[in-house]
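Here are the chains, one letter per residue:
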Amino acid sequence: MATTELQNRIQRHLDTLVDSGAESAVQAAAYRDGELIVDAAAGPVTARTPIFSFSTGKNVTAVLAHELVARGFTGFDDPVADLWPEFGAGGKTAVTLRHVLTHTAGLPAMPQGIGPAELPDWATVCDALAAAGPRWPAGEAMGYHPYTFGYLVGEIARRATGHPVRELLREWITEPLGLDGQLFYGVPEESLPGLPPLDEEERDGIPGPWESAPSAGFGNSAEILRADIPSVATGTAYALATVFDRALADPVRFAGMSAVAYEGDDVIFGTPVRMALGFPIGRIGAAAEERSAAIGWPGGGGSYAYADPVRGIAFALTKTRLTPHFDTALSTIAIVEENTPATG
């Protein structure tokens with residue numbers, strides 16, 4: 001447990017957010033150069049209570065993809081159809097793991113007929129993706145793949161290793177890092193009662209499609225929580241920060257994880273984007289002139305995890321109140337960065 005003045009400042013900050021009603025429960029964790037400097041929680045959770053945190057799970061899935069390549073199971077430029085022959089249908093024979101990781105595979109949305117109710121059925125989802133035609137030829141455009149990303153990486157991993165992603169998560173990440181019980185795709189039935197419920201701010205207007213409009217109802221569903229959906233995850237801030245801290249510990253490998261692999265516009269959102277293999281590049285909220293070298297996915301509702309090689313920081317924040325902004329994450333990061341000046 002971190003015991004520094006920074007830890008105390010973050011704890012007071014989180015307590016104030018909960019006491020004021022801005023948040024219902026929140027966790028924050030940070031490492032610097034391998035040392036745990038923040039490990040805090042406020043509200044009816046401890047720092048070791050897993051919270052469903054939407055797309056912060058993509059960080060873990062991207063790390064698994066790099067493990068898959070490092071262990072020799074496949075390569076970034078190997079066609080997906082080499083491992084998954086059915087996937088070559090519909091003009092997708094050129095799609096590689098690189099395209100999947102950079103969200104340039106042309107499958108940003110689930111095929112027709114696949115909605116939240118179908119997500120727990122791995123075979124049904126993967127069969128639909130295999131049969132689908134792409135929105136664009138591989139590599140010719142980039143568009144965020146909210147849910148398809150996890151199934152594509154997960155099925156590549158399953159075909160390559162013979163094991164489902166929940167087993168790979170346990171064998172390659174949670175057990176070696178001492179994170180058992182803190183990070184899941186599919187939450188075990190016996191662990192469900194210990195999860196805190198999500199709540200959400202009242203929305204203005206009509207919510208968008210389910211794939212782009214995270215809801216508390218979705219994240220509180222026992223069927224969703226139990227399912228392997230590797231575009232999302234249930235975990236602690238400590239676990240997410242620990243995964244990134246381990247990545248930063250190998251500078252050579254991290255350089256490969258964080259190098260620019262695609263730069264252009266996201267055709268779904270119409271915004272400029274810089275992508276590494278599996279991660280967006282740049283810390284959210286960073287000043288434009290910084291051109292941040294950090295990598296990491298935010299999660300719908302305001303959670304966030306990232307690794308910053310310049311400061312040597314691995315950070316994560318998880319929370320139970322879904323908001324359309326990242327104010328809590330950004331205010332917490334500001335306190336951390338005040339105490340961790342850039343060194344590179």
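Predicted model only: the values in this text are computed from it and were never measured.

Rules used in this analysis
Residues numbered from 1 in each chain as written. Predicted model: local features only at pLDDT ≥ 70, side-chain atom pairs only at ≥ 80, totals over all residues. Heavy atoms only, no water. Pairing = 2+ DSSP bridges. Helix = DSSP H or I, 4+ residues; strand = E, 2+ residues; numbered from the N terminus. Axes fitted to C-alpha atoms, helices over the stretch in contact; angles between N-to-C directions. Parallel < 35°, antiparallel > 145°, perpendicular 65-115°, else oblique. Contact = heavy atoms within 4.5 Å. Buried < 20%, exposed > 50% of the residue type's maximum accessible area, 1.4 Å probe, protein only. Salt bridge = Lys/Arg side-chain N within 4 Å of Asp/Glu carboxyl O. Phe/Tyr/Trp six-rings, centres within 6.5 Å; stacked < 30°, edge-to-face > 60°. Lys NZ or Arg CZ within 6 Å of the ring centre and 35° of its normal. Core = buried A, V, L, I, M, F, W, Y, C linked by side-chain atoms within 4.5 Å. Polar contact = N/O pair within 3.5 Å; in protein donor to acceptor, adjacent residues only side chain to side chain.

(A) Structural detail: the sheet that holds strand S4 (residues 183-184). With antiparallel pairing, the 3 strands of this open sheet are ordered in space as S3-S6-S4. The open sheet is flanked by strand S3 (51-52) and S4, the only strands paired with a single partner. Where S3 and strand S6 (residues 234-235) come together, 2 bridges link them in antiparallel fashion. When the sheet's bridge partners are listed, Phe52 is paired in S6 with Thr234.

(B) Structural view of the packing of helix H2 (residues 57-70) against helix H7 (residues 165-174). Axis separation between H2 and H7 bottoms out at 11 Å; the angle between their running directions is 75°. Between H2 and H7, the angle falls in the class roughly perpendicular. Contacts between H2 and H7 involve Val60, Val63, Leu64, Glu67 and Leu68 from the former and Val165, Leu168, Leu169, Trp172 and Ile173 from the latter.

(C) Summary view of unusual backbone geometry. Phi angles above zero are rare outside glycine, and Asp33 is one such case at about 50°. Examined against the element boundaries, Asp33 turns out to sit in the loop between strand S1 (26-32) and strand S2 (35-42). In this structure, His103 is a non-glycine residue whose phi angle is positive, near 60°. The residue His103 is located in the loop between helix H4 (97-101) and helix H5 (122-131) in this model. By relative accessible area, which is 0% here, His103 ends up buried.

(D) Just the pattern of salt bridges, in detail. Inspection of every chain in the model, using the stated rule, returns 18 salt bridges. Arg170 is the partner of Glu175 in a salt bridge, and the nearest nitrogen-oxygen pair spans 3.7 Å. Overall, Glu175 belongs to the partly exposed group, its relative accessible area being 44%. With a closest N to O distance of 3.0 Å, Arg283 and Glu337 form a salt bridge. With a gap of 54 residues between them, Arg283 in the loop between strand S8 (271-275) and strand S9 (298-299) and Glu337 in helix H12 (residues 327-338) connect regions that are remote in the sequence. By relative accessible area, which is 14% here, Glu337 ends up buried. A network of salt bridges, in which partner residues are shared, links Glu86, Glu155, Arg158 and Arg159.

(E) The arrangement of the packing of aromatic side chains in detail. What the rule picks out here adds up to 14 aromatic pairs. With a centroid separation of 4.9 Å and 35° between ring planes, the pair formed by Trp122 and Tyr151 is classed as tilted. A residue pair is termed long-range when its members are at least 10 positions apart, and Trp122 in helix H5 and Tyr151 in helix H6 (residues 148-161) qualify at 29 residues. A single burial state applies to Trp122 and to Tyr151, both of which are buried. Feature note: the residues Phe52, Phe54, Tyr147, Trp210 and Phe218 constitute an aromatic cluster, connected by ring pairs. The ring of Tyr238 carries Arg48 above its face, with NZ or CZ at 3.8 Å from the centroid. Of note, Lys92 hangs over the ring of Phe87, and the distance from its end group to the ring centre comes to 4.7 Å.

(F) Structural view of the sheet that holds strand S11 (residues 313-319). The strand order S2-S1-S11-S10-S9 describes an open sheet built from 5 strands, whose pairing is antiparallel. Edge positions in the sheet fall to S2 and S9, since each has one partner strand and no second. Relative to S11, S1 runs antiparallel, the two sharing 7 bridges. In the sheet register, Ala30 faces S11, and the bridge partner there is Phe315. Against the sheet, helix H1 (residues 5-20) engages S1 and S2, with an angle of about 20° to S2. In this fold helix H10 (residues 237-248) packs onto S1, S2, strand S10 (303-308) and S11, with an angle of close to 160° to the strand it touches most, S11.

(G) Up close: the nonpolar core. Counting residues in hydrophobic clusters, the biggest one holds 89 residues, and the most contacted among them are Val100, Leu119, Tyr151 and Ile173. Sort the elements by how many residues they give to this core and H10 lands first, with 9 residues. In this structure Leu119 touches Met110, Ile114, Val125, Tyr147, Tyr151, Trp210, Phe218, Ile224 and Ile229, once residues within four positions along its chain are discounted. Listed in part, the 22 residues of the second largest apolar core include Ala30, Ala40, Ala42 and Tyr306.

(H) Geometry of the environment of Thr174. Mapping Thr174 onto the fold places it in helix H7. The sequence separation of Thr174 and Phe184 amounts to 10 residues, and the corresponding C-alpha distance is 8.8 Å. At 3.4 Å, the side chain of Thr174 forms a polar contact with the backbone oxygen of Arg170. A distance of 3.5 Å separates a polar atom in the side chain of Thr174 from a polar atom in the side chain of Asp180.

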